[in-house]
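# Observations on the three-dimensional arrangement
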Amino acid sequence: MALVDIPGSKSLTARALFLAAAADGVTTLQRPLRSDDTEGFAEGLTRLGYRVGRTPDAWQIDGRPQGPALAEADVYCRDGATTARFLPALAAAGHGVYRFDASPQMRRRPLLPLTRALRDLGVDLRHEEAEGHHPLTVRAAGVEGGAVVLDAGQSSQYLTALLLLGPLTRTGLRVTVTDLVSAPYVDITIAMMRAFGAEAIREGDTYVVAPGGYRATTYAIEPDASTASYFFAAAALTGREVTVPGLGADALQGDLGFVEVLRRMGARVEVGADRTTVAGTGELRGVTVNMRDISDTMPTLAAIAPFASGPVRIEDVANTRVKECDRLEACAENLRRMGVRVATGPDWIEISPGAAPVGADVKTFGDHRIVMSFAVTGLRVPGISFDDPGCVRKTFPGFHEAFARLQA
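### Some thoughts on the packing of aromatic side chains
- Considering all chains together, one arrives at 7 aromatic pairs under this definition.
- Taking the centre distance of 6.2 Å and the plane angle of 80 degrees together, the rings of Y230 and F399 count as edge-to-face. With a gap of 169 residues between them, Y230 in helix α8 (residues 225-238) and F399 in helix α13 (residues 399-407) connect regions that are remote in the sequence. Pair check on accessibility: Y230 and F399 agree, each one buried.
- Grouped by ring-pair contacts, the aromatic residues Y230, F231, F396, F399 and F403 constitute a single cluster.
- Across the ring face of W59, the terminal group of R54 is positioned such that the distance to the ring centre comes to 5.8 Å.
- When the ring centre of W348 is taken as reference, the NZ or CZ atom of R313 above it lies at 4.2 Å.

### Here's the deal with the sheet that holds strand β13 (residues 206-209)
- The strand order across the open sheet formed by 4 strands is β10-β11-β13-β12, and the pairing between neighbours is mixed. Two strands lie at the open edges of the sheet, namely β10 (146-152) and β12 (200-203), each paired on one side alone. Strand-to-strand twist in this sheet, taken as the mean axis angle between neighbours without regard to direction, amounts to 25 degrees.
- Strands in contact with helix α6 (residues 157-165) are β10, β11 (173-180) and β13; relative to β10, the strand with the most contacts, it is inclined by about 160 degrees.
- Strands in contact with helix α7 (residues 183-195) are β11, β12 and β13; relative to β13, the strand with the most contacts, it is inclined by about 15 degrees.

### Structural notes on the sheet that holds strand β21 (residues 341-345)
- Pairing in this open sheet of 4 strands is mixed, and the strands run β19-β20-β22-β21 from one edge to the other. The two strands at the open ends of the sheet, each matched to only one other strand, are β19 (287-290) and β21. Between one strand axis and the next, the sheet turns through 10 degrees on average, direction left out of account.
- When β19 meets strand β20 (residues 312-315), the two strands line up parallel, connected through 4 bridges. When the bridges of β20 are listed, T288 appears paired with R313.
- The sheet contacts of helix α9 (residues 258-265) involve β19 and β20, and relative to β19 the element is tilted by about 160 degrees.

### Quick look at the nonpolar core
- Judged by nonpolar contacts, the single largest core of 75 residues is most densely connected at L45, L90, F100, L159, L162, M193 and Y214.
- Ranked by residues supplied to this core, first place goes to helix α1 (residues 10-22) with 9 residues.
- One finds A2, F232, L247 and V381 within the second-largest nonpolar core, a separate group that totals 70 residues.

### Section: the packing of α1 against α7
- α7 packs onto α1 with a crossing angle of 40 degrees between their chain directions and a minimal axis gap of 10 Å. Of the possible angle classes, the one that applies to α1 and α7 is oblique. Crossing hand, α1 versus α7: right-handed. Contacts between α1 and α7 involve S11, L12, R15, A16 and L19 from the first element and Y185, I188, T189, M192 and M193 from the second.

### Concerning the pairing of strand β7 (residues 95-101)
- By the bridge criterion, 5 bridges tie strand β6 (residues 72-76) to β7 in an arrangement that is parallel. Bridge assignment links E72 to a residue of β7, and that residue is V97.
- At this point the chain moves from β6, through helix α3 (residues 81-92), to the parallel β7, and the crossover so formed is right-handed.
- Pairing of β7 with strand β9 (residues 136-141) involves 6 bridges; the strand directions are antiparallel. Across the sheet, F100 pairs through a bridge with L136, a residue of β9.

### Overview of the pairing of β9
- Two elements, strand β8 (residues 124-127) and β9, share 4 bridges in a ladder whose sense is antiparallel. Its bridge partner being in β9, D124 is matched across the sheet by R139.

### Some points on the environment of G390
- When you line up the elements, G390 lands in the loop between β24 (385-386) and α13.
- Separated by 23 residues in the primary sequence, G390 and D367 place their C-alpha atoms 9.7 Å from one another.

### Here's the deal with the side chain of D367
- Secondary-structure assignment places D367 in the loop between β23 (361-362) and α12 (368-377).
- Classification of D367 by relative accessible area gives buried; the value is 0%.

### What to know about the packing of helix α5 (residues 112-120) against α6
- One way to put it is that α5 packs onto α6 with a least axis distance of 9 Å and a crossing angle of 30 degrees. Looking at the two axes, α5 sits roughly parallel to α6. In this structure, α5 crosses over α6, and the sense of that crossing is right-handed. Across the interface between the two elements, P113, L114, A117 and L118 from α5 touch Y158, A161, L162 and L165 from α6.
- Residue composition of the contact of α5 with α6, grouped by class: 8 nonpolar, no polar and no charged.

Rules behind the numbers
Residues numbered from 1 in each chain as written. Predicted model: local features only at pLDDT ≥ 70, side-chain atom pairs only at ≥ 80, totals over all residues. Heavy atoms only, no water. Phe/Tyr/Trp six-rings, centres within 6.5 Å; stacked < 30°, edge-to-face > 60°. Helix = DSSP H or I, 4+ residues; strand = E, 2+ residues; numbered from the N terminus. Buried < 20%, exposed > 50% of the residue type's maximum accessible area, 1.4 Å probe, protein only. Lys NZ or Arg CZ within 6 Å of the ring centre and 35° of its normal. Pairing = 2+ DSSP bridges. Axes fitted to C-alpha atoms, helices over the stretch in contact; angles between N-to-C directions. Contact = heavy atoms within 4.5 Å. Core = buried A, V, L, I, M, F, W, Y, C linked by side-chain atoms within 4.5 Å. Parallel < 35°, antiparallel > 145°, perpendicular 65-115°, else oblique. Left-handed = near helix turned anticlockwise from the far one by under 90°. Right-handed = clockwise from strand over helix to strand, strands pointing away. Nonpolar A, V, L, I, M, F, W, Y, C, P; charged D, E, K, R; others polar.

Written as structure tokens, this is what we have:
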């Protein structure tokens, strides 16, 4: 059995940084993820005037319920979607002029449903170039609150940004959602808000958040379930056994549900109170699965699908087309390079069994999840290489070393 130490969750670290910055007092985050995305978020807070103290195992943030300490700031969000979507909402609750820009990759990713909602709440927000994309400027004067309608069908992060903002408004928020993808990530947000002393209540398709701010706390970041998926998939593919401590029945992250897909395919899965174990059984069955709620693990499943005894069909993943790249097409293109039969549609991909895959140079499109997923394929297919293996620094800088230890 291999015990794998997975770094902290990116999703939890980003939310915790927002909550800590908005809270009254000093918050300590234990085992936060240290990656390009989270370092970019912390740097963004620093640019806005928040104090962020960092040691190897913990970060301390001095909260400012009144908003950023600086009246003007220019924030570069790098490739981070959480940074690019959450920080403008945080800045809107303060008073000043704040400009946000991002990498070319992040500039291409959509933002308009969130910025429309912020404008509907009275926020003075202007896109400088393409409407609905970075760069943008927020002329902040606090947020009164009120009712707003939001389409979160492309990303649940739009809803999360508004929910996190809610307690900082003067009268609270009512957010009615017309569509929602990756709903478990919203559950994460609500649970973490509660840990910082705020409450968000769901009433059908409407989320209600009362004003009142946040309280500082000490918060431990659980391991990243999306990252764990590559190691669980490796076990199922190779017939080995992998245990990830710190991810168990009480985990906040919906992406742990990926192990249930592996169970359906024939792997042995045990989810304990504080750990999860996956063991390969020598069998991988075909499966049809809706991955709308765990779409970040779609590439992981696609990468092991060629070794299943029947077709693997992944449905309801249209939102993966507007991630760091069009992940659905990226998976299809790379599998075809390996000689695998693949069909795709607007929101689905189907991988058929056939001849054994052959080695190929994987086109990563600068996407960390494409690299980590096809590293799993490489456990069974010699000759796989990557045009940009270093892009894993976005969420797991030590991935290749950790994966090599697993292979050894």
